[in-house]
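Single-letter residue listing:
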Amino acid sequence: MKKYGSLCAFFFLLVFNMLFTQNFLKVSTFLNLGMQAFSVLMVSIGMSLVIGAGGIDISIGSNMAVAGVVCCLLVEKNMPILVAVLAAVAAAMLIGLFNGSMVALFKIQPIIVTLIIYIAGRGIAQVLNDGKIISFYDNGFTDIGLFKLGGVPIQIYIALAVTLVMIYVVRNSRFGFDIQAIGENARASELIGINTKGTTILTYVAVAVLGAIAAVIDTSRIGSADPNAIGLEVEISAIAAVAIGGTSLSGGKIYLIGAVIGALLMQLITVTINMNNIPYAYSLVVKATVILAAVYLQRDKTSR
């Protein structure tokens, strides 16, 4: 259950919907599931790296808000789309660099550092455009988020590509090995020559970049950027996805496939709630319960 709990829960909920949810068994439903899960999935992959190294990032939603607003402000000012996207990624990277540096170099607890950005980041996003919603239509930027190849949304292709690349990185690269070694024992990793500080910083930068990409695609798809809504509560779903995917919240072994399935499960919970006309607030309660169950299953044997 610790390693395959997310897969079991996903198939259980899938079967439930097939039996009891009207109009669920449609191709459009599954394509929408993949498209709507895109942000959580991208963030979950990055969060897996941070948690695998023994950290956590609860600021990623606010970071996404900054990236989304920066990108859309530049698009609104008729800057080239590539420049706007790169600026958004750069802004997110700076925040990720701040988080990682505070944790790795100044030894401040990750929950405290990222809580600061969780609060301040969304404020920065609001200040950038005076708290107003940026709306845009019929330009090249909106075409990105709405693009489909063979009837399949571009989000699904991006998510698949990122997943495959990151699985390879975690399983076959020195960076992936170092992350998991640090999560198991940071002091021992330092003694055997691993650059614990640099690796830790890179994990926070990685989740920031993936979050920025998700923010850019999402704002492009909906044709607007609301600093109060971009990335809202994404960290809750991402942490839940990582936890039920089998990656211990105390750090160590990373299970990216589990995190991806967990991200799809988080979105499937929302879809189930919506399609059965249940108030959205109930999905938050269910997700919180999922996190509790995942943490319970991950207890160390010595604590049982």
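Calculation rules
Residues numbered from 1 in each chain as written. Predicted model: local features only at pLDDT ≥ 70, side-chain atom pairs only at ≥ 80, totals over all residues. Heavy atoms only, no water. Helix = DSSP H or I, 4+ residues; strand = E, 2+ residues; numbered from the N terminus. Rg over C-alpha atoms; globule rule 2.2 N^0.38 Å. Buried < 20%, exposed > 50% of the residue type's maximum accessible area, 1.4 Å probe, protein only. Contact = heavy atoms within 4.5 Å. Areas by Shrake-Rupley, 256 points an atom, 1.4 Å probe, with all protein chains shown as cover. Phe/Tyr/Trp six-rings, centres within 6.5 Å; stacked < 30°, edge-to-face > 60°. 1 Å grid on protein atoms, 1.4 Å probe; cavity = no way out; pocket = protein on both sides within 12 Å on 5 of 7 lines; lining within 4 Å. Points joined across faces, edges and corners; volume = space filled by probe spheres on them. Axes fitted to C-alpha atoms, helices over the stretch in contact; angles between N-to-C directions. Left-handed = near helix turned anticlockwise from the far one by under 90°. Nonpolar A, V, L, I, M, F, W, Y, C, P; charged D, E, K, R; others polar. Core = buried A, V, L, I, M, F, W, Y, C linked by side-chain atoms within 4.5 Å. Patch = residues over 30% accessible without salt bridge, like charges linked within 9 Å, V, L, I, M, F, W, Y side chains within 5 Å. Salt bridge = Lys/Arg side-chain N within 4 Å of Asp/Glu carboxyl O.

Draft legend 1. Broad picture of the overall build of the protein chain. Regarding its fold elements, the protein chain presents 14 helices and 4 strands. Taking 19 Å as the expected radius of gyration for a compact globule of 304 residues, we find that the protein chain reaches 19 Å, a close match to that expectation. Of all 304 residues assigned to the protein chain, the portion counted as buried reaches 52%. Contacts in the protein chain between residues far apart in sequence, at least 24 positions, make up 77% of those at least 6 positions apart. Here the protein chain displays about 14400 Å² of accessible surface, and carbon together with sulfur accounts for 68% of that area.

Draft legend 2. Region of the structure containing the packing of aromatic side chains. Scanning the entire structure with this criterion turns up 4 aromatic pairs. With centroids separated by 5.2 Å and ring planes inclined at 45°, the aromatic side chains of F16 and F20 adopt a geometry described as tilted. One end of the pair, F16, and the other, F20, are both in helix α1 (residues 5-20), 4 residues apart, so they sit about a helical turn from each other.

Draft legend 3. Spatial organisation of the layout of surface pockets. The volume enclosed by the largest pocket comes to roughly 610 Å³. In terms of lining residues, the largest pocket is bounded by 26 residues, among which S39, D218, A229, G231 and L232 are the most central. Of all elements in the fold, only α2 (27-36), α3 (38-52), α11 (196-222), β4 (224-225), α12 (234-244), α13 (256-275) and α14 (281-297) reach the threshold of two or more residues within the lining of the largest pocket. At 4 residues, the largest contribution of residues to the lining of the largest pocket is made by α11.

Draft legend 4. Here's a closer look at the packing of α12 against α14. With their axes 9 Å apart at the nearest point, α12 and α14 run at an angle of 35° to one another. Here the hand of the crossing between α12 and α14 comes out left-handed. Each of I236, S237, A240, A243 and I244 in α12 lies in contact with α14, whose residues at this interface are K287, V290, I291 and A294. Within the contact of α12 with α14, the residues separate by chemical class into 7 nonpolar, 1 polar and 1 charged.

Draft legend 5. Local environment of the nonpolar core. With 84 residues, the main nonpolar core has I45, M47, M64 and M266 as its most contacted residues. Not counting residues up to four positions away in its chain, the partners in contact with I45 are V162, T163, M166, L210, L256 and V260.

Draft legend 6. Region of interest: a nonpolar patch on the surface. There is a patch of nonpolar side chains on the surface, built from V15, F16, M18, L19, F20, L25 and F30 and spanning about 690 Å² of accessible area. Looking at which element gives the most residues to the nonpolar patch, the answer is α1, with 5 residues. Note that V15 resides in helix α1. Relative accessible area serves as the criterion here: at 43%, V15 is assigned to the partly exposed category.

Draft legend 7. Representation of unusual backbone geometry. We note that E233 has phi near 65°; this positive angle belongs to a residue other than glycine. Mapped onto the fold, E233 is located in the loop between β4 and α12. With relative accessibility at 26%, the residue E233 sits in the partly exposed group.

Draft legend 8. Structural context of the environment of L210. Inspection of the secondary structure puts L210 in helix α11. The buried category is assigned to L210, whose relative accessible area is 9%. Between the alpha carbons of L210 and S39 there is a distance of 8.7 Å; along the sequence they are 171 residues apart. Residue contacts for L210: discarding those within four places in its chain leaves M42, I45, G46 and V162.

Function cannot be inferred from these measures alone, as they are strictly geometric.
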